[in-house]
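Reading the structure
Here is how the chains run, residue by residue.
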Amino acid sequence: MSGALPRSWGGYLIITALSTLQGTQLSLVAPLLDRDGYAPAAIGALVSATTVASLAARLPAGLLYERLPARRVQGLALGLLAILVAAHPFAGSAAAMLVVRVLTGVAYGVGTTLNLARFVDEQPAGAARARAMGYYATGIAAGYTLASLLVGY
């Protein structure tokens, strides 16, 4: 298995997809809000709402990991994040945008937390686990890189 992709290839795909969606919305939201006439302070608050919500959602998601159907929740988080990225332009008020931003953060926080927990559980101990975590980190970087490339268009 030295040259082969380690276990849990689905985990790599999920983290890459989640990172791509997250990177896309992080890059597009500030220009969208600026275009809509939001003040810089409001833009900062609305952009950061996703990160704060993501952080707040991680602890409960991690604590509930063994009780939640992780694969199903990951799929829901991925689907919800895709819908929410597309919903940003349709949030017609600051309150609606805040709701979209908070839900985006919760979906990303829960999805990535459960993905990492499940991924680590599936890895064997030793060097194979370290190699797998390297590939996992590569999936995160690839997702954000892909998002940066896509956002330019």
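The model shown is predicted, which means the values in this text are computed figures rather than measured ones.

Here we come to the overall build of the protein chain. The secondary structure content of the protein chain amounts to five helices and zero strands. Moving toward the C terminus, one meets the helices and strands of the protein chain in the order α-α-α-α-α. Against the 2.2 N^0.38 benchmark of 15 Å for 153 residues, the protein chain shows a C-alpha radius of gyration of 17 Å, consistent with a compact globule. Taken along the three principal axes of its C-alpha coordinates, the protein chain extends 55 × 35 × 20 Å. The proportion of buried residues among the 153 residues of the protein chain is 38%.

So, on to helix 3 (residues 70-87). Taking 1.5 Å of rise per residue, the 18 residues of helix 3 would be expected to cover 26 Å, and the 25 Å separating its terminal C-alpha atoms lies within 8% of that figure. Taken together, the buried positions of helix 3 are A70, V73, Q74, A77, L81, L84 and V85. Buried residues of helix 3, seen end-on, are gathered within an arc of 100° and therefore sit on one face of the element. Turned more than 90 degrees away from the buried face of helix 3, the exposed residues are R71, R72, L76 and I83. Buried-residue contacts for helix 3 involve helix 1 (9-35) and helix 4 (94-122).

Right, let's get into the pattern of salt bridges. On inspection of all chains with the given rule, the structure shows three salt bridges. Measuring nitrogen to oxygen at the nearest pair gives 3.3 Å for the salt bridge that ties R71 to E122. Taken together, the residues R71 in helix 3 and E122 in helix 4 connect sequence positions 51 residues apart. The partner of E122 in a salt bridge is R118, with the nearest N and O atoms 3.0 Å apart. Of this pair, E122 and R118 are both found in helix 4, four residues apart, which corresponds to roughly one turn of the helix.

What follows concerns a nonpolar patch on the surface. On the surface, a cluster of nonpolar side chains totalling about 310 Å² of accessible area is made up of L59, L63 and L64. For L64, the position within the fold is in the loop between helix 2 (40-63) and helix 3.

Procedures and definitions
Residues numbered from 1 in each chain as written. Predicted model: local features only at pLDDT ≥ 70, side-chain atom pairs only at ≥ 80, totals over all residues. Heavy atoms only, no water. Helix = DSSP H or I, 4+ residues; strand = E, 2+ residues; numbered from the N terminus. Rg over C-alpha atoms; globule rule 2.2 N^0.38 Å. Buried < 20%, exposed > 50% of the residue type's maximum accessible area, 1.4 Å probe, protein only. Expected span 1.5 Å × (residues − 1). Arc of directions from axis to C-beta. Contact = heavy atoms within 4.5 Å. Salt bridge = Lys/Arg side-chain N within 4 Å of Asp/Glu carboxyl O. Patch = residues over 30% accessible without salt bridge, like charges linked within 9 Å, V, L, I, M, F, W, Y side chains within 5 Å. Areas by Shrake-Rupley, 256 points an atom, 1.4 Å probe, with all protein chains shown as cover.

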